[in-house]
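# Structural overview for review
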Amino acid sequence: MEKRGGRMNVYYILAVGAGGFLGAISRYYTSQKLNKTEEDRLPLGTLAVNLIGSFLLGFILSVGLKDIYTLLIGTGFLGAFTTFSTLHKELLILQKYPRKWLIYFVITYSGGLVFAFLGYLLGK
């Protein structure tokens, strides 16, 4: 990452902030639309943002964007759009339902790797 006079480029900081703002809003909207309030339901909103985010990150890393766009989309938008902490909070809630816990865990982690790989391949 480019530095000027020992400081980070202000445009990079603004790109991460703007991307993060949009990513957080998009995640909130998606979660509100897809997640059901019943405790034993799979949190489809969180699953969707994490799988979509994995795919998009694989894609943008393979196409070789300029630093500013990688920071805007990858670090900013996708960093705020995807959520590791919410995933683990939901896994704690689903512990009472071992089968659903396992399904959610396996789909999220294996699916995330598969989607990232597919995004990477598509970008090449």
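Source: prediction; values computed, not measured.

### Quick look at the packing of aromatic side chains
- The tally for this structure, following the rule as stated, stands at four aromatic pairs.
- Relative to Phe81, the ring of Phe77 has its centre 5.4 Å away and its plane inclined at 20°; by these criteria the two rings are stacked. Here the residue Phe77 and the residue Phe81 both occupy positions in helix H3 (residues 67-81), the gap between them amounting to four residues, near one helical turn.
- Exposure remark for Phe81: the relative accessible area of 6% places this residue in the buried category.
- Centroid distance Phe84 to Tyr109: 6.5 Å. Interplanar angle 85°. Geometry classified as edge-to-face. Note that Phe84 is positioned in helix H4 (residues 84-93) and Tyr109 in helix H5 (residues 98-123), a separation of 25 residues in sequence.
- Tyr109 sits in the partly exposed class, given a relative accessible area of 31%.
- Through pairs of rings, three or more aromatic residues link up here, namely Phe84, Trp101, Phe105 and Tyr109.

### Digging into the nonpolar core
- Within the largest apolar cluster, six residues are counted, these being Leu47, Leu51, Leu87, Leu91, Leu94 and Tyr104.
- Mapped onto this core, the elements with two or more residues apiece are helix H2 (44-63) and H4.
- In contact with Leu94, not counting residues within four places along its chain, are Glu39, Asp40, Arg41, Leu42, Pro43, Lys100, Trp101 and Tyr104.

How each quantity is defined
Sequence order as written defines residue numbering, which begins from 1 separately in each chain. Thresholds applied to this predicted model are a pLDDT of at least 70 for local features of residues and 80 or more for the giving and counting of side-chain atom pairs; totals over whole chains, interfaces and linings are not thresholded and use all residues. Side-chain numbers come from the whole structure's heavy atoms, not from hydrogens or water. Each Phe, Tyr or Trp ring (for Trp, its six-membered ring) is paired with any other whose centre lies within 6.5 Å, and the angle between the two planes then decides the class: stacked below 30 degrees, edge-to-face above 60, tilted in between. We count a stretch as a helix when DSSP gives it H or I for four or more residues in a row; a strand needs E for two or more, and each element gets its number in order from the N terminus. The buried label applies to any residue whose accessible area, calculated with a 1.4 Å probe on protein chains only, is under 20% of its type's maximum; exposed applies above 50%, and partly exposed to all values in between. We call a set of buried Ala, Val, Leu, Ile, Met, Phe, Trp, Tyr and Cys residues a nonpolar core when their side-chain atoms join them within 4.5 Å. Only heavy atoms matter for contacts: two residues are in contact if any of them lie within 4.5 Å across the pair.

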